Amino acid sequence: MDPQTILETLGISGEVLEGLGGASGPVRASGAIMESINPSTGEAIAKIRTCTSEEADAVIGRAHDTFQTWRAVPGPARGELVRELGNALREKKTALGALVALEMGKIQAEGEGEVQEMIDICDFAVGLSRQLYGLTIASERPFHHLTERWHPLGVVGIVSAFNFPVAVWAWNAALAAVCGDSMVWKPSSETPLCALAVQKICDEIMEKHDAWGLFNLVIGPGRSVGETLISDPRVPLVSATGSTPMGQHVGEVVGRRLGRAILELGGNNALTVLDDADLGMAARAIVFGAVGTAGQRCTSTRRILMQKGIAGALCETLVAAYGQVRIGNPLDPKTLMGPLINQGGVDEMMSALVKVKEQGGEILCGGKTIDGPGFFVEPTLVKIAHDCPIVHDETFAPILYLIEVDDLDHAIAINNEVPQGLSSSIFTTNYLAGETFTSAVGSDCGIANVNAGTSGAEIGGAFGGEKETGGGREAGSDSWKLYMRRQTCTQNYSKELPLAQGISFGD
Ligand code: NAD
């Protein structure tokens, strides 16, 4: 599909697109015009008029109004709307996946994978809409009924990163919608078209269900529009995905007003390969994890911890595999790796490689930019010591650090020594090693896999990480509880007024 066909199929073509959506109603965007840039060519795809803080404030107000009615819609009826959202996404999967590839630069197969994740979380949320259950608890008082109930929370603010321009919104939006919340989304300024295309689908669903104001979009800079969203006391929950410095700021602002934040921040994910591993499997997982999305996933594999017995063979296999990676247009089905998001991403990678050399690292392959238009770089393998400062930073690029370890305990110590704690993995055929890695004395990350790579999580499990990754959890399991408020109810059906703890008060 060519760029114009992609935009027309998704209904977002036009001279200057409006950077607002959902509950904006009579509010029109009046901020500066920004361009969406194709990272494969460096050229503009479209122009978007951003909104101002005042306009974002008005959208939050209307989302807040919508919440007053949406919270009273029965859960299963809310699920019905999300079921239709999932079906609409099924119809648009190819075009939306292509737009993700065009605007963000990941290959189309990964772009469509993102849309599949959106569909999956919608399916999950539809089932959940009939299972938002609480507890019945034994009361210590006679003829008393103690229960715990879950109620809708309010307006959810969603701040998303460029690298998952549609899926991360869906993890939040599908759950928030069935939980009875309305929401306002501030996407990354690198990927406004993906957000507009998703909003267009939402608009059709809201129109059909007379639910205007449920899904809302505000496009504009983080420092103005984003700041308005995270500061607003009408937004009880902010779910923010992005870099650790951004999350630290969001955590402070939301914490100061005692709001709730779900923070999904940077990772520095290690994959351990023990001597007894299936090396072929490990190598495939490593290449997918380190080269996929050009190393711009929060779960990208960044460090390989190789036990000494297989280190030489694994390095050779990886150097050979890296030589085969086809780099180019992400919309070409033969391509395995697209560009980085922008020139800033390229510069960040190159300055990390300068530090690698200064700190004694050895570049085994790659390490250069690729001449021509767009923001293409070579995937890079580096042999380096585990305690070099650069190894402890998240560089959002396809640099993979190869580190030798003595044994399982050594690998676990190095896995855990970085400040981030998102994903981790071990390849081994030893059951005891796998169990240990995923035990209380194993990996300290939110995700720990055995014989599966660091990236590519399923939506059924709770997703997120510890330490500087922010501690948030999204998607499956019981993450939905963060999108609701818990109420403990005591109902007295006796004719007495016994006090808890047997307290006697003026009897
Ligand atoms: P970023 O931190 O630059 O931006 C993320 C979002 O925050 C953008 O929408 C940005 O506009 C917004 N923002 C910035 N300042 C803000 C403010 N003051 N108030 C409100 N919003 C503000 O991140 P990025 O470059 O888009 O994404 C890459 C980073 O995201 C990496 O560190 C990656 O690991 C992380 N990430 C984490 C996860 C996860 O689930 N843990 C998932 C995807 C990406």
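Being a predicted model, the structure only gives us computed values, none of them experimental.

Conventions used here
Numbering of residues starts from 1 in each chain and follows the order in which that chain's sequence is written. At least 70 in pLDDT is required for a residue's local features to be given in this predicted model, at least 80 for side-chain atom pairs to be given and counted, and no such filter applies to totals for whole chains, interfaces and linings, which use all residues. Hydrogens and water molecules were not included; the side-chain quantities draw on all heavy atoms of the structure. Here a salt bridge means any side-chain nitrogen of Lys or Arg lying within 4 Å of a carboxyl oxygen belonging to Asp or Glu. Each helix is a run of DSSP H or I of at least 4 residues and each strand a run of E of at least 2, with the numbering of both proceeding from the N terminus. Residue contacts are counted whenever heavy atoms from the two residues lie within 4.5 Å of one another. Think of it in three bands: residues with accessible area under 20% of the maximum for their type are buried, residues over 50% are exposed, and the middle band is partly exposed, with areas taken using a 1.4 Å probe on protein chains only. Both site types are read off a 1 Å grid over the protein atoms alone. A 1.4 Å probe that fits but cannot get out defines a cavity, while an open set with protein on both sides within 12 Å along at least five of seven lines defines a pocket; lining residues have an atom within 4 Å of a point. Grid points are joined across faces, edges and corners, and a volume is the space filled by probe spheres set on the points. One heavy atom within 4 Å of a molecule or strand makes the whole residue count as near it. A 3.5 Å cut-off defines polar contacts: any pair of N or O atoms within that distance qualifies, except that in protein one atom must be a possible hydrogen donor and the other a possible acceptor, and neighbouring residues in sequence count only when both atoms are side-chain atoms. Exposure was quantified through the Shrake-Rupley algorithm and a 1.4 Å probe, taking into account, for residues, occlusion by the shown protein chains and nothing else. Each molecule is checked against the cavity or pocket grid, and it sits inside if more than half of its atoms lie within 2 Å of the grid points. Polar here means any residue other than Ala, Val, Leu, Ile, Met, Phe, Trp, Tyr, Cys and Pro, which are nonpolar, and Asp, Glu, Lys and Arg, which are charged; Gly is therefore polar. We call two strands paired when DSSP finds no fewer than two bridges between them. Orientation is described by lines fitted to C-alpha atoms, with helices fitted over the stretch in contact, and by angles between N-to-C directions that extend from 0 to 180 degrees. Working rule for helices: expected span equals 1.5 Å times residues minus one. The nonpolar core is taken to be a set of buried Ala, Val, Leu, Ile, Met, Phe, Trp, Tyr and Cys residues, with the residues joined through side-chain atoms within 4.5 Å. Segmentation into domains, and thus their bounds, comes from an automatic or database assignment. Using a 1.4 Å probe, buried area is obtained as the accessible area two parts lose upon being combined, added over both of them.

### What about the pattern of salt bridges?
- Counted according to the given criterion, the structure contains 13 salt bridges.
- Residues R28 and E18 are paired through a salt bridge, measuring 3.7 Å at the closest nitrogen-oxygen approach. Of this pair, R28 sits in the loop between β2 (20-21) and β3 (33-38) while E18 sits in strand β1 (residues 16-18), placing them 10 residues apart in sequence.
- Its salt-bridge partner being R297, residue E110 comes within 2.7 Å of it at the nearest N-O pair.

### Side note on the side chain of Q307
- Relative to the assigned elements, Q307 resides in strand β13 (residues 301-307).
- If we skip the residues at most four places from it in the chain, Q307 touches V273, L274, D275, V405, D406 and D407.

### A look at the environment of A462
- Relative to the helices and strands, A462 resides in strand β20 (residues 462-463).
- In this structure A462 touches R473, E474, G476, S477 and S479, once residues within four positions along its chain are discounted.

### A look at helix α8 (residues 222-231)
- Within α8 the residues assigned to the buried category are V225, G226, T228, L229 and I230.
- Taken together, the buried residues of α8 touch α2 (53-70), β7 (155-159), β8 (182-186), β9 (215-218), β10 (237-241) and α9 (244-256).

### Brief notes about empty space enclosed by the protein
- Tallied over the entire structure, the rule returns 1 cavity of 30 Å³ or more.
- Empty space within the largest cavity amounts to approximately 30 Å³.
- What lines the largest cavity is simply N268, N269, A270, R303, N415, V418, Q420, G421, L422, S423, S424 and C445.
- Counting only elements with at least two residues in the lining of the largest cavity, the list comes to β12 (269-273), β17 (420-421) and β18 (423-427).

### Concerning the site of the ligand
- As a matter of local geometry, the ligand sits amid 26 residues, with S160, E227, S243, L265 and E394 nearest to it.
- E264 is positioned such that a nitrogen or oxygen atom in its side chain is 3.5 Å from an oxygen atom of the ligand.
- Protein chains shield 86% of the accessible area of the ligand, which is 860 Å² for the free molecule.
- Judged by its atoms lying within 2 Å of the grid points, the ligand is housed in the largest pocket.
- Breaking the shell around the ligand down by element, the ones donating at least two residues are α8 and α9.
- No other element matches α8, which puts 4 residues into the shell around the ligand.
- Partitioned by chemical class, the residues of the shell around the ligand number 11 nonpolar, 11 polar and 4 charged.

### Notes on the sheet that holds strand β23 (residues 484-492)
- With antiparallel pairing, the 3 strands of this open sheet are ordered in space as β5-β6-β23. In the strand order of this sheet, the two ends are held by β5 (135-137) and β23, each with one partner. Going from strand to strand, the sheet's axes swing by 25° on average, the running direction of each strand aside.
- Examined bridge by bridge, strand β6 (residues 144-152) and β23 share 9 bridges and lie antiparallel to one another. From the neighbouring strand, H151 faces β23, where its bridge partner is R485.

### A few points about α9
- Under the 1.5 Å per step criterion, the end-to-end length of α9 is 18 Å for 13 residues, consistent within 8% with the ideal 18 Å.
- Among the residues of α9, those classed as buried are T244, G247, V250, V253 and V254.
- Downstream of α9 by a residue or two, L258 has a phi angle that is positive, lying close to 55°.

### Regarding the nonpolar core
- Ranked by size, the top nonpolar core spans 79 residues in total, and within it L96, L99, W169, L193 and F215 carry the most contacts.
- Summarising the domain contributions, this core has at least three residues from each of domain 1 (3-265 + 470-487) and domain 2 (269-458).
- Ranked by size, the runner-up nonpolar core spans 48 residues in total, among them V291, C315, Y322 and C365.

### Overview of the sheet that holds β3
- Across the sheet, which stays open at both edges, the 3 strands sit in the order β1-β4-β3 with mixed pairing between neighbours. Two strands lie at the open edges of the sheet, namely β1 and β3, each paired on one side alone. Pairwise comparison of adjacent strand axes, ignoring direction, gives a mean angle of 40° for this sheet.
- For β3 and strand β4 (residues 43-49), the ladder comprises 6 bridges, and the chain directions are antiparallel. In the sheet register, S36 faces β4, and the bridge partner there is A46.
- Against the sheet, helix α7 (residues 192-209) contacts β1, β3 and β4, and its axis sits at roughly 55° relative to β4.

### Overview of the domain arrangement of the chain
- Split by domain assignment, the chain resolves into domain 1 (3-265 + 470-487) and domain 2 (269-458).
- Between domain 1 and domain 2, the C-alpha centre-to-centre distance is 30 Å.
- Between domain 1 and domain 2, the contact holds 22 residues from the first and 22 residues from the second.
- Buried surface at the junction of domain 1 and domain 2, summed over both partners, amounts to about 1,800 Å²; 62% is from carbon and sulfur atoms.
- Linking domain 1 to domain 2 there are 1 salt bridge.
- Of all the secondary structure elements, the ones that give two or more residues to the side of domain 1 that touches domain 2 are α4 (93-104) and α5 (108-128).
- Element by element, the count of residues in the side of domain 1 that touches domain 2 is highest for α4, at 5 residues.

### Looking at unusual backbone geometry
- Of note, D210 is a non-glycine position whose phi angle comes to about 50°, a positive value.
- Its place among the elements puts D210 in the loop between α7 and β9.

### Looking at the pairing of strand β15 (residues 380-383)
- Summarising the sheet, strand β14 (residues 362-365) and β15 pair through 3 bridges and their orientation is antiparallel. Bridge pairing links C365 to L381 in β15.
- As defined by bridge partners, β15 adjoins strand β16 (residues 399-405) across 4 bridges and the pair is classed as parallel. By the bridge assignment, V382 is partnered in β16 with Y401.

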